[in-house]
Amino acid sequence: MPEQQRTYIMLKPDAVRDRHIGEIVSRFERAGLCIERMELTNVTLDQAKANYAEHEGKPFYEGLLAYITSGPVVKMVISGPDAVAKCRKLMGATNPLEAAPGTIRGDFGLMMDENVVHGSDSPESAVREIGIFFGEE
Ligand code: IDP
Ligand code: MG
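Predicted model only: the values in this text are computed from it and were never measured.

A. The arrangement of the site of ligand 1 in detail. Taken together, Lys12, Tyr52, His55, Phe60, Leu64, Arg88, Thr94, Arg105, Met112 and Asn115 are the residues near ligand 1. At a separation of 2.9 Å, an oxygen atom of ligand 1 approaches a polar side-chain atom of histidine 55. Bound to the protein, ligand 1 loses 77% of the 530 Å² it would expose on its own. Among the detected pockets, ligand 1 sits in the largest pocket.

Okay, here's the thing in structure tokens:
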């Protein structure tokens, strides 16, 4: 039996700017996943730093913080069987150039600097990220 999981998904500022919220949220729902929480909001610098702590010091880190705080995002908690892996599958590869057509990044992204969507990479990351963006629950 697949494990019932929750994951943290965030539509990044380019997705909101380019008017793709509806289409992208639809893809998660169409896959049978449940949108448990959803909010259009801005990411604070502290939240950005906490979420991306593993990348501190990398060449793209400062740009990543600037990008994710550059405009409103849609933050979500999504649940379902194996929701973490299922969402990563729907998102596609990190680099939109390598993401397969039919995936969210493959269809809505053009470059690594603006890759449309964030999704937790493990159930442990999901708990941590839901805490960062929705507070302790
Ligand atoms: P993921 O989002 O698929 O989990 P990570 O390797 O965890 O990918 O990287 C986090 C985010 O950092 C990516 O989604 C992307 O926005 C950004 N990023 C990663 N590598 C690069 C890069 O080489 N150039 C610019 N941005 C990058
Ligand atoms: Mg990651």
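What follows picks up the thread again.
B. Spatial organisation of the side chain of aspartate 14. Along the chain, aspartate 14 turns up in helix H1 (residues 13-17). Aspartate 14 has contacts with Tyr67, Glu114, Asn115 and Val116, leaving out every residue within four places of it along the chain.

Rules behind the numbers
- Within every chain, residues take consecutive numbers counted from 1 along the sequence as written.
- Written order determines the labels here, with chains lettered from A and ligands numbered from 1.
- Given that this is a predicted model, residues contribute local features only at a pLDDT of at least 70 and side-chain atom pairs are listed and counted only at 80 or more, while totals for whole chains, interfaces and linings are drawn from all residues.
- The basis for every side-chain value is the complete set of heavy atoms in the structure, and neither hydrogens nor water enter the calculation.
- Proximity criterion: a residue is near a molecule or strand once any of its heavy atoms comes within 4 Å of it.
- Throughout this description, a polar contact denotes any pair of N or O atoms lying within 3.5 Å of each other; where both atoms belong to protein, one of them has to be capable of donating a hydrogen while the other can accept it, and for residues adjacent in sequence the pair is counted only when both atoms sit in side chains.
- Working definition of accessibility: Shrake-Rupley area with a 1.4 Å probe, residue cover restricted to the visible protein chains.
- The method works on a 1 Å grid over the protein atoms by themselves. A cavity is a set of points holding a 1.4 Å probe that cannot get out, a pocket is an open set with protein on both sides within 12 Å along at least five of seven lines, and residues with an atom within 4 Å of a point line them.
- For this analysis, a molecule is said to be in a pocket or cavity if more than half of its atoms are within 2 Å of the grid points defining it.
- Secondary structure elements follow DSSP: runs of H or I no shorter than four residues count as helices, runs of E no shorter than two count as strands, and numbering proceeds from the N terminus.
- Contacts between residues were defined by any pair of non-hydrogen atoms, one from each residue, lying within 4.5 Å.

Bear in mind that shape data such as this cannot, by itself, settle questions of function.
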